[in-house]
Amino acid sequence: GAVVSQHPSWVICKSGTSVKIECRSLDFQATTMFWYRQFPKQSLMLMATSNEGSKATYEQGVEKDKFLINHASLTLSTLTVTSAHPEDSSFYICSAASGVGTEAFFGQGTRLTVV
Amino acid sequence: QKEVEQNSGPLSVPEGAIASLNCTYSDRGSQSFFWYRQYSGKSPELIMFIYSNGDKEDGRFTAQLNKASQYVSLLIRDSQPSDSATYLCAVPEKVTGRRALTFGSGTRLQVQP
C-alpha cells in the first residue's frame, strides 16, 4: 500500500501554545486528506476533510478556528492546534486518498500531550 | 443509535482458537465495510474489506457480510498472541468520493498463550 508519513509522532506542549502536525503522502498525490482524533479508549472520530487547494470541511462540533488545516500541495496537509489546552490532548491521525473511490491510507499518528 | 456498533470486549481466546468479532451497522445503504487492527498507541492497519454478501477469506482472516441482517463479522483462525489488539469495524461515508470512515468503538481481543 501507499505510504503516509505523519510528523511528529509525539509532542508535548504547554497550555496556550500552538502545535503543528504534518501529514505527507510519500509516493502518491493525495487529493483528499482526512484528520481524525482518538481519545483514550475511544474510537477514531473524523475531525475534518481537506481537499488540495480548498478550504477544509469540518465535522459538527469541531472548531475550525482552533484546528487550522492547510492542504496547500498534493503531498502535504497540516493540522495546527491553536491555543492548546489539556483537553486537546489526544491521538491525532491523518489519512490520505488519491482520488474518488480510492482507499485512504493512514499515517502513524501523533500523540499530543498538553501540560 | 450509533452508526456502527461493536462489543467493546475484551474478548479472550486461547492461542490457536478461532476469534469471532462482530459489528452491526444502521445504514442499509452502506455498500462496503472495513476491518482494521489497532495496536495500543499505533495507527489502524487495514486487515481487509468486504462489499459482497457472504464470506471473503484472506489468510487466517475471514470477513462475513450479511446485508439483510446488517452485520459484518471477522473471524481469525489459529489466533496468535500477536493478534491481541483492538479491532475496528468501519463504514465509508455516503457522500460520493469521500473516503472518510465512520468507525465502531472497537473490540479488544486478547489471545492467551
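Summarised in this report is the structure supplied together with it. All chains use their own residue numbering, which begins from 1 and follows the written sequence. Starting at A for chains and at 1 for ligands, labels are handed out in the order in which the entities are written. In keeping with the model being predicted, local features are shown solely for residues with a pLDDT of at least 70 and side-chain atom pairs are shown and tallied solely at 80 or more, while totals for entire chains, interfaces and linings include all residues. The side-chain numbers reported here are obtained from all heavy atoms of the structure, hydrogens and water having been left aside.

## Considerations on the overall build of chain A
The helix and strand labels rest on DSSP assignments: H or I over at least four residues marks a helix, E over at least two residues marks a strand, and numbering proceeds from the N terminus. For chain A, the helix and strand inventory stands at 0 helices and 11 strands. Counting helices and strands in the order they occur from the N terminus, chain A gives β-β-β-β-β-β-β-β-β-β-β. Against the compact-globule benchmark of 13 Å for 115 residues, chain A has a radius of gyration of 13 Å, which places it among compact chains. Partly exposed residues are those whose accessible area sits between 20% and 50% of the maximum for their type, while under 20% is buried and over 50% is exposed, using a 1.4 Å probe and protein chains only. Taking all 115 residues of chain A together, the buried fraction comes to 49%. Side-chain charges of chain A comprise 9 positive and 9 negative groups, with the mean position of each set lying 7 Å from the other. Radius of gyration means the value over C-alpha atoms here, while the globule rule gives 2.2 Å times the residue count to the 0.38 power. In this tally, Asp and Glu contribute negative charge and Lys and Arg positive charge; neither His nor the terminal groups of the chain are included. By convention, the charge on Lys lies at NZ, on Arg at CZ, on Asp at CG and on Glu at CD.

## As for the interface of chain A and chain B
Residue contacts are counted whenever heavy atoms from the two residues lie within 4.5 Å of one another. Contacts between the two partners involve 22 residues from chain A, matched on the other side by 17 residues from chain B. Between chain A and chain B, roughly 1400 Å² of surface is buried when both sides are summed, and carbon and sulfur atoms account for 57% of that area. Buried surface area refers to the total accessible area, computed with a probe of radius 1.4 Å, that the two partners give up upon joining, counted for both partners together. In terms of surface lost to chain B, no three residues of chain A exceed S43, E103 and F106 of chain A, which account for 29% of the buried area on that side. Think of a salt bridge as a Lys or Arg side-chain nitrogen and an Asp or Glu carboxyl oxygen that are within 4 Å of each other. Between chain A and chain B we count 0 salt bridges in total. We call two N or O atoms a polar contact when they sit within 3.5 Å, provided that within protein one can donate a hydrogen and the other can accept it, with sequence-adjacent residues counted only if both atoms are side-chain atoms. One can count 4 residue pairs in polar contact (both at pLDDT 80 or more) joining chain A with chain B. Taken together, the elements giving at least two residues each to the side of chain A that touches chain B come down to β4 (32–38), β5 (45–51) and β9 (90–97) of chain A. When its residues are assigned to classes, the side of chain A that touches chain B shows 10 nonpolar, 9 polar and 3 charged. Amino acid classes used here: Ala, Val, Leu, Ile, Met, Phe, Trp, Tyr, Cys and Pro are nonpolar; Asp, Glu, Lys and Arg are charged; the rest, including Gly, are polar.

## Some words on the pattern of salt bridges
By the definition in use, this model includes 6 salt bridges over all chains. Here D88 of chain A makes a salt bridge to K66 of chain A, at a shortest N to O gap of 2.8 Å. Linking D88 of chain A in the loop between β8 (76–81) and β9 with K66 of chain A in the loop between β6 (57–58) and β7 (67–73), this pair joins segments that are 22 residues apart in sequence. The exposure class of D88 of chain A is buried, given its relative accessible area of 5%. Among the ionic pairs, R60 of chain B bridges to D83 of chain B, the shortest N-O distance being 2.9 Å. Residue R60 of chain B is located in the loop between β6 (54–58) and β7 (61–66), and its partner D83 of chain B is located in the loop between β8 (71–76) and β9 (85–92); the two are separated by 23 residues in the primary sequence. Note on R60 of chain B: relative accessible area 27%, which makes it partly exposed. Here the residues in one salt-bridge network are R37, E45, R60 and D83 of chain B, joined through shared partners.

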